[in-house]
Amino acid sequence: MSTNTDAQVPIGPARPSVTDAERLEKLDQDLEKIPLFMSELPDDEDNMAVEAIKSLVSEEDPETMATTYKDEGNRFFKRGKFSDAIKYYTHALGYEHDNKDLTVSLYTNRAAAHLAAENYGRVLRDCSEALKLKPQTPKALFRAAKACVMLSKFVEAEECCSWLADMMPDSHELQALRQEVAAARQKYKQREKDQEARESQRLARREMLRQAIEIRQGLKFDLSVENAKKKDLYPWEVSEQQVELDQESGHLLWPVAFLYPENKESDFVQHFDEAVSLYDMLDQQVLREPPFWDKQRRYTADNVETYFLARPVGGTDKDERLVKVNSKMRLANILDNSKYVIMDGIPSFLVLQRTGSFKDQFIEHYRQQRLTQEAAKSTK
């Protein structure tokens, strides 16, 4: 008969089981007896450790704490960590005390950190608070002036310089600041002048384009529901890509989309000269090299036909009719077609292979759609 010699035999009376919650509660009670971890300091004059803690707490008055946080903020500022410096200055400002110079210093220091962090609006707020407490504060005026320059508030920047002149008329720093303000103001004026000139040129080009389009009386435009909401724009201006007028030739340069229904692919030409034919554009640019999706080289200018979808202004997809295009015609003549309506300022064309079942089915689809529409109208 074998005996398990490894089994432990309890010695003495059985010990009561202790739960984790009870262990934690006892730990909290033990920590409360240690002065460093006490949640409240008891009135026990015989406890020297307690008296030492009380003395430590009483020494850390609000002004001392504010100074400590300020010193930490200065340390982070010197290291270029401006966001951390701002946090420490803000903590320091949370302590109430009677040292006005310390509070002014904290506001001007935080203003310096905000200035370095390009928070110019906050610079002005902190400088304003400092000046309320002590109007004769050069640092606040210097930093406020620099923030005003960055915000293009040149009148206010010059006012700061004037106040500084009353305090320190012979200051080299003030002279440098005034030169900085004057240079920034001059640069701002030049930038405004250049912007006005560019805007004037843009408006002149816009008017010339409008006149060029109006001269071409056959051009017709329509807008999608989304673009119809855009106000104060000509119909050829609603899309990101827009028609342009070539100043030298007087030709319109159109953004044109080529769609390949069978392959569900597309091409886009940014500047399609209206004097160029569809065939030349396809042959010399769009299909000059086979598209990546045309592995069998089936799409060439000589092997395709071009169409457009005609729809009346204000019509819907159900009103569309498929119209074949003579690709040897110039773009200007095609757009002048009485059935062609330019949607959202961008002409588009469908490109199909000359032969193939897809082309036959595609054309049949639109033929049936036309017949259905005509039948519906005849029954009314």
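Refer to the structure printed above.
All figures in this text were calculated on a predicted structure; none of them were measured in a lab.

1. Section: the overall build of the protein chain
Within the protein chain, the regular secondary structure consists of 12 helices and eight strands. Looking at the protein chain alone, contacts between residues at least 24 apart form 56% of all its contacts between residues at least 6 apart.

2. Brief notes about the pairing of strand 3 (residues 252–260)
In terms of residue burial, strand 3 counts as a mostly covered element, since eight of its nine residues are buried. Across two bridges, strand 2 (residues 244–245) lies against strand 3 in antiparallel orientation. Bridge pairing in strand 3 links Leu245 to Leu252. In this antiparallel pair of consecutive strands, strand 2 and strand 3, the connection spans six residues, and Gly250 shows a positive phi of 80°. With seven bridges connecting them, strand 3 and strand 4 (residues 265–273) associate as antiparallel partners. Bridged to Phe258 within strand 4 is Asp267. Connecting the antiparallel pair strand 3 and strand 4 is a turn made up of four residues, with Lys264 showing a positive phi of about 55°. The sheet contact formed by strand 3 and strand 8 (residues 348–353) spans three bridges and is parallel. The partner of Ala257 across the bridge, within strand 8, is Ser348.

3. With respect to the pattern of salt bridges
In the structure shown here, the tally under the stated rule is 17 salt bridges. Arg110 is paired through a salt bridge with Asp126; the nearest N and O atoms lie 2.8 Å apart. Of this pair, Arg110 sits in helix 5 (residues 100–116) while Asp126 sits in helix 6 (residues 120–133), placing them 16 residues apart in sequence. For the pair Arg110 and Asp126, a shared accessibility class is recorded, and that class is buried. Arg311 serves as the salt-bridge partner of Glu320, at 3.4 Å between the closest nitrogen and oxygen.

4. Observations regarding the packing of helix 3 (residues 62–78) against helix 5
Where helix 3 contacts helix 5, the two axes come as close as 11 Å, and the packing angle between them is 25°. Taken together, the axis directions place helix 3 and helix 5 in an arrangement best described as roughly parallel. Between helix 3 and helix 5 lies a crossing whose hand is left-handed. Here Glu63, Ala66, Thr67, Lys70, Asn74 and Phe77 of helix 3 come into contact with helix 5, specifically with Leu102, Ser105, Leu106, Asn109, Ala112 and Ala113. The residue makeup of the contact of helix 3 with helix 5, split by class, is six nonpolar, four polar and two charged.

5. Let's talk about helix 4 (residues 82–93)
Taking 1.5 Å per residue, 12 residues should reach 16 Å; helix 4 reaches 16 Å between its end C-alpha atoms and fits that length. What helix 4 keeps buried is the set Ala85, Ile86, Tyr89 and Ala92. Mapping the buried residues of helix 4 onto a view down its axis gives an arc of 120°, with all of them on the same face. Contacts made by the buried residues of helix 4 are with helix 3 and helix 5.

About the cut-offs
- Residues numbered from 1 in each chain as written.
- Predicted model: local features only at pLDDT ≥ 70, side-chain atom pairs only at ≥ 80, totals over all residues.
- Heavy atoms only, no water.
- Helix = DSSP H or I, 4+ residues; strand = E, 2+ residues; numbered from the N terminus.
- Contact = heavy atoms within 4.5 Å.
- Buried < 20%, exposed > 50% of the residue type's maximum accessible area, 1.4 Å probe, protein only.
- Pairing = 2+ DSSP bridges.
- Salt bridge = Lys/Arg side-chain N within 4 Å of Asp/Glu carboxyl O.
- Axes fitted to C-alpha atoms, helices over the stretch in contact; angles between N-to-C directions.
- Parallel < 35°, antiparallel > 145°, perpendicular 65-115°, else oblique.
- Left-handed = near helix turned anticlockwise from the far one by under 90°.
- Nonpolar A, V, L, I, M, F, W, Y, C, P; charged D, E, K, R; others polar.
- Expected span 1.5 Å × (residues − 1).
- Arc of directions from axis to C-beta.

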